[in-house]
Amino acid sequence: METETDIALEARALTCLRGRRLVFEGVDLALGAGGALVLTGPNGAGKSSLLRVLAGLIEPLAGEIRWRGTPVAGDREAYRARLAFLGHLDAVKPAATVRESLRFWADLSGGAAARVADALAALALEPLAEVRGAELSAGQKRRVALARLLVADRPLWLLDEPVTGLDAASVARLEAMIADHRAAGGLVIASTHGGLAIPDAVGLDIGRFQAEEAA
Amino acid sequence: MTAFLALLKRDVLLALRQSTDLGMILGFFVIAAALFPFGVGPNPEVLARLAPGITWVLALLAVMLSLDRLFQGDYEDGTLEQLALSPMPLSMLVLAKALAHWLTACVPLIAVAPLIALMLNLPAAGYGVLIAGLALGTPSLSLIGAVGAALALGARKAGLLVAVLVLPLYIPVLVFGVTAVDAHLTQIATGPHFLYLGAILAAAIPLAPWAAAAAIRHSVS
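Residues numbered from 1 in each chain as written. Chains lettered and ligands numbered in written order. Predicted model: local features only at pLDDT ≥ 70, side-chain atom pairs only at ≥ 80, totals over all residues. Heavy atoms only, no water.

As annotated in an unreviewed UniProt entry, chain B carries the name Heme exporter protein B and comes from Marivibrio halodurans. Recorded in UniProt for chain B, the comment headed Sequence similarities (unreviewed entry) runs: "Belongs to the CcmB/CycW/HelB family." Quoted verbatim from the Function (unreviewed entry) field of UniProt, the annotation for chain B is "Required for the export of heme to the periplasm for the biogenesis of c-type cytochromes." (UniProt positions renumbered as here; feature names shortened; annotations may be inferred.)

Looking up chain A in an unreviewed UniProt entry gives the name Heme ABC exporter ATP-binding protein CcmA, with the organism given as Marivibrio halodurans.

This is the structure in structure tokens:
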């Protein structure tokens, strides 16, 4: 039974239906504290769908997600308080400054406002702190979205293509962020087409779980 | 509660920064009212008879035009999916957004309404009841509108869809808002009309955020 509790996040036989298409079926995964999982697979294989299922945005057709042995379906709000999700969209408001955006996410997630300064520093956003979202480039917006992960301070990070639009220096900062997060016992699940190095991460090729085409 | 207040504060702040939206809605309210003397003739008695109804109908239309900014921007830039992932119940966050919408769209309309009433020659005795009715009725418009705006997320021609969904649901508010003014001008008790407006609001506060939250969950899945 001791080994059971070492697994923080576990998913069993996840099956996802989008419209009338079965995106994947029978996905199993398990991740312990400090663990990292890298999702790979061709376009349309279901990397984003799997991350959205794990975040609770999409209800799986079948299967179950457990957090420390407890099914998350029983207490969605407690599970949401454990995860931070980075999707394709950056959630940066054109009329709000970078500092205001991060302050808002800190208040919304119950994180300490003091973390805003640390998050700005970790992604080298201090020079942009008073710049409005409308004036940021795509890569800069992505960095603000990554800073949101630090502000929220959640154990589980679900990252959908986190390196999109980032320059080499920012990718290095993200890799350092992920290493720190894991060293503190955090979990990371990231989808990528390459360009992101996560040491000793488990790989999962989502293409293997493609549903058989119905004849 | 921190999350509720943080979202309320942010939405009000962003609406004030994008005040051209508000200016256009107030402009619509005033210009549309100015069309009626051209359409029905400048006879002061006719306009006075129509004034409460015209003011209320235009207020409904102006509120409806302002609904697209309630969720659409947050939906397009990904904020809405982050809100859906907040541990705070989504219906509470919808309530915060509807309150912010009321403060930044409906309160300015209420402030401009006496000008419209003056243009349409509303008898002096009717102003107080008109404003009181708008103050009690427009929060329901924001809440019911939030359901329509949430249901229309992701649809093509969302603005038209919102109009078709929301305008029929606005009829009870319109009826009791207008009859309150008419009752007062004909010296009948206005109390029952206000009680009905209050009852609509009392039903909308728990039901509308719950329905809008369900529609938002569907739109971000």
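Visitor: How would you sum up the overall build of chain B? Please name residues and give values.
Guide: Helix and strand content of chain B: nine helices and zero strands. Along the chain direction, N to C, the helices and strands of chain B fall in the order α-α-α-α-α-α-α-α-α. Reported as C-alpha extents along the three principal axes, the dimensions of chain B are approximately 55 × 35 × 30 Å. Counting every position in chain B, which comprises 221 residues, the buried fraction comes to 51%. Of all intrachain contacts in chain B linking residues separated by at least 6 positions in sequence, the fraction that spans at least 24 positions is 81%. Per element, the accessible surface of chain B, about 9,500 Å² overall, is 75% carbon and sulfur. Separation between the mean location of the 9 positive side-chain charges and that of the 9 negative ones in chain B comes to 4 Å. (Helix = DSSP H or I, 4+ residues; strand = E, 2+ residues; numbered from the N terminus. Buried < 20%, exposed > 50% of the residue type's maximum accessible area, 1.4 Å probe, protein only. Contact = heavy atoms within 4.5 Å. Areas by Shrake-Rupley, 256 points an atom, 1.4 Å probe, with all protein chains shown as cover. Lys, Arg positive; Asp, Glu negative; His and termini not counted. Charge placed at Lys NZ, Arg CZ, Asp CG, Glu CD.)

Visitor: Got a sec to walk through the UniProt feature "transmembrane region" (unreviewed entry) in chain B? Specific residues and values, please.
Guide: Residue and element names in this part refer to chain B. The feature "transmembrane region" (unreviewed entry), as given by UniProt, occupies residues 21–40, 46–67, 98–120, 126–153, 160–181 and 193–216 in the numbering adopted here. As a span, residues 46–67 carries 95% helix and 0% strand, and end to end its C-alpha atoms are 32 Å apart. Secondary structure content for residues 160–181 is 100% helix and 0% strand, while the C-alpha to C-alpha distance between its ends is 30 Å.

Visitor: Go over the interface of chain A and chain B with me, naming the residues and quoting the values.
Guide: Across the contact, 27 residues belong to chain A and 28 residues belong to chain B. On the chain A side of the contact with chain B, A:Arg80, A:Lys93 and A:Leu108 bury the most area, a combined 26% of that side's loss. Seen at the junction of chain A and chain B, the total is four salt bridges. Of the charged contacts in the structure, one is a salt bridge between A:Lys93 and B:Asp77, with a shortest N-O distance of 2.8 Å. (Buried area = accessible area lost by both parts, 1.4 Å probe. Salt bridge = Lys/Arg side-chain N within 4 Å of Asp/Glu carboxyl O.)

Visitor: Can you explain the packing of helix H6 (residues 90–119) of chain B against helix H9 (residues 191–220) of chain B? Please cite residues and give values.
Guide: All names here are of chain B. Interaxial distance between H6 and H9 falls to 8 Å at its minimum, and their mutual angle equals 110°. On the basis of their axis angle, the class for H6 and H9 is roughly perpendicular. Where H6 crosses over H9, the two elements pack in a sense that is right-handed. Packed against H6, whose contacting residues are Leu90, Ser91, Val94 and Leu95, the element H9 presents Ile205, Pro209, Trp210, Ala212, Ala213, Ile216 and Arg217 at the interface. Along the lines of polarity and charge, the residues of the contact of H6 with H9 split into nine nonpolar, one polar and one charged. (Axes fitted to C-alpha atoms, helices over the stretch in contact; angles between N-to-C directions. Parallel < 35°, antiparallel > 145°, perpendicular 65-115°, else oblique. Left-handed = near helix turned anticlockwise from the far one by under 90°. Nonpolar A, V, L, I, M, F, W, Y, C, P; charged D, E, K, R; others polar.)

Visitor: Describe helix H1 (residues 2–17) of chain B, naming the residues involved and giving the relevant values.
Guide: Between its first and last C-alpha atoms H1(B) spans 22 Å; for 16 residues at 1.5 Å apiece the expected length is 22 Å, and the two agree. Inspection of H1(B) places B:Ala3, B:Phe4, B:Ala6, B:Leu7, B:Leu8, B:Arg10, B:Asp11, B:Leu14 and B:Ala15 among the buried residues, and these make up the whole buried set. Among the structural elements, helix H4 (98–109) of chain A together with helix H2 (19–40), helix H4 (68–77), helix H5 (79–84) and H6 of chain B are those in contact with the buried residues of H1(B). (Expected span 1.5 Å × (residues − 1).)

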